[in-house]
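The chain contents come next:
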Amino acid sequence: MASRAHLERINEALYLALKGQDFDAIAVTAGPGLIGSLIVGKMAAQALAWSTGKPLVGVNHLEAHLFANLLENKKLEPPFLGLVVSGGHTDLVLVKDFGRYQIIGRTRDDAAGECFDKVANLLGLGYPGGPAIDRMAGKGDPKAVQFPRPFLHGSWDFSFSGLKTSVLYYLKALKGKRNIPDICASFQAAATQVLAEKTVRAAVKFSMKKISVGGGVAANSELRRRLLAEGKKNNIQVFLPSKGLCTDNAAMVAALGYHKLKYHVLPNQVLRSDPSLAIQNW
Ligand code: KG4
Ligand code: ZN
């Protein structure tokens, strides 16, 4: 379904994006992601590069999430600690320089966004669940239910499947009417407390003065609030993209492509799509 939707819309998207615009290079997502969608994007980009003679550069989608901040804040120079929280990934990355990365933690099971989506599904809130939970949580009490905070002490990894399961068991055990705003607020408090506190602790441990956050879950109002508060307490500057640049967008792909070419990564007119592409050094 996703690749068909890409195929149906790619020409119009390109037409709207390019109408009256000049450009110097083309950046396209090489991975990770659904292979059908990746191939549609890659073929369109290769065709465009071939027909215009412009250089083509492939970029990593997760790395692009970290670069979304650079579109709005030029002060974000490496080194910094990156947190990617999307529908498929939860990664803590030491960004030592442009193109020099060390992944220090990741989720052992569900990604943060996946957990929001699954809990929203349990509550009948539809897909994607993150924005719906965020909205509902605003009307609820975050202390109403004490859900577990899986900190996994001694590791920078995350784990969200236990939290999801505890929401499931809580719902099963409920006799009376469920208070959806309270459940959303309590779940959101547990998930975002772990994400925010662990990320800031990692920044302190690795002597990073800056944190760059990206991915759909970075749009979450409680996560933003907690990250800024924890950062402030520890004298660490937290960079958050505006909400439209947190969720998937093409501008972040262009921003990463721009930096790769600026740092002399060679363009490549024929690319390989990789559904499980890892964050790699340039
Ligand atoms: O980065 P993204 O747009 O796509 C992927 O690369 O996966 O992230 C999508 C994820 C979904 O799981 C969605 O529920 C979550 O981001 N999301 C949110 C919010 N907005 C989007 N999660 C929590 N709160 C939000 N406000
Ligand atoms: Zn994404």
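Because the structure is predicted, anything quoted here is derived from the model rather than measured.

**Q** Just give me the short version of the coordination of the zinc ion (ligand 2), but keep the residues and values in it.
**A** Coordination sphere of the zinc ion (ligand 2), protein contribution only: His 61 (NE2), His 65 (NE2) and Asp 248 (OD), at 2.0 to 2.1 Å. All donors of the zinc ion (ligand 2) belong to a single chain; written as a sequence motif, their spacing is H-x3-H-x182-D. Of the two residues, His 65 is situated in helix α3 (residues 61–67) and Asp 248 in the loop between α9 (243–246) and α10 (250–262); the sequence distance between them amounts to 183 residues. The exposure class assigned to His 65 is buried, which follows from its relative accessible area of 0%.

**Q** So what's going on with the packing of aromatic side chains? Residues and values would help.
**A** For any pair of aromatic rings, the description rests on two quantities: the centre-to-centre distance and the angle between the ring planes. Under the defined criterion, the tally for this structure stands at 8 aromatic pairs. Considering the side-chain rings of Phe 158 and Phe 160, the 6.1 Å spacing of their centres and the 10° angle between planes classify their relative orientation as stacked. Of the two residues, Phe 158 and Phe 160, neither departs from the other in class, the shared state being buried. Sitting over the face of the ring of Phe 23, Lys 54 holds its NZ or CZ atom 5.3 Å from the ring centroid.

**Q** Before we move on, could you go through the sheet that holds strand β3 (residues 80–85) and cite the residues and values that matter?
**A** Spatially, 5 strands are ordered β5-β4-β3-β6-β7 in an open sheet, and the strand pairing comes out mixed. Of all strands in the sheet, those bounded by a partner on one side alone are β5 (100–106) and β7 (237–239). Within the sheet, the average angular offset between the axes of one strand and its neighbour, ignoring direction, is 25°.

Procedures and definitions
Residues numbered from 1 in each chain as written. Chains lettered and ligands numbered in written order. Predicted model: local features only at pLDDT ≥ 70, side-chain atom pairs only at ≥ 80, totals over all residues. Heavy atoms only, no water. Donors = N, O, S within 2.8 Å, 3.2 Å for Na, K, Ca; no water. Helix = DSSP H or I, 4+ residues; strand = E, 2+ residues; numbered from the N terminus. Buried < 20%, exposed > 50% of the residue type's maximum accessible area, 1.4 Å probe, protein only. Phe/Tyr/Trp six-rings, centres within 6.5 Å; stacked < 30°, edge-to-face > 60°. Lys NZ or Arg CZ within 6 Å of the ring centre and 35° of its normal. Pairing = 2+ DSSP bridges. Axes fitted to C-alpha atoms, helices over the stretch in contact; angles between N-to-C directions.

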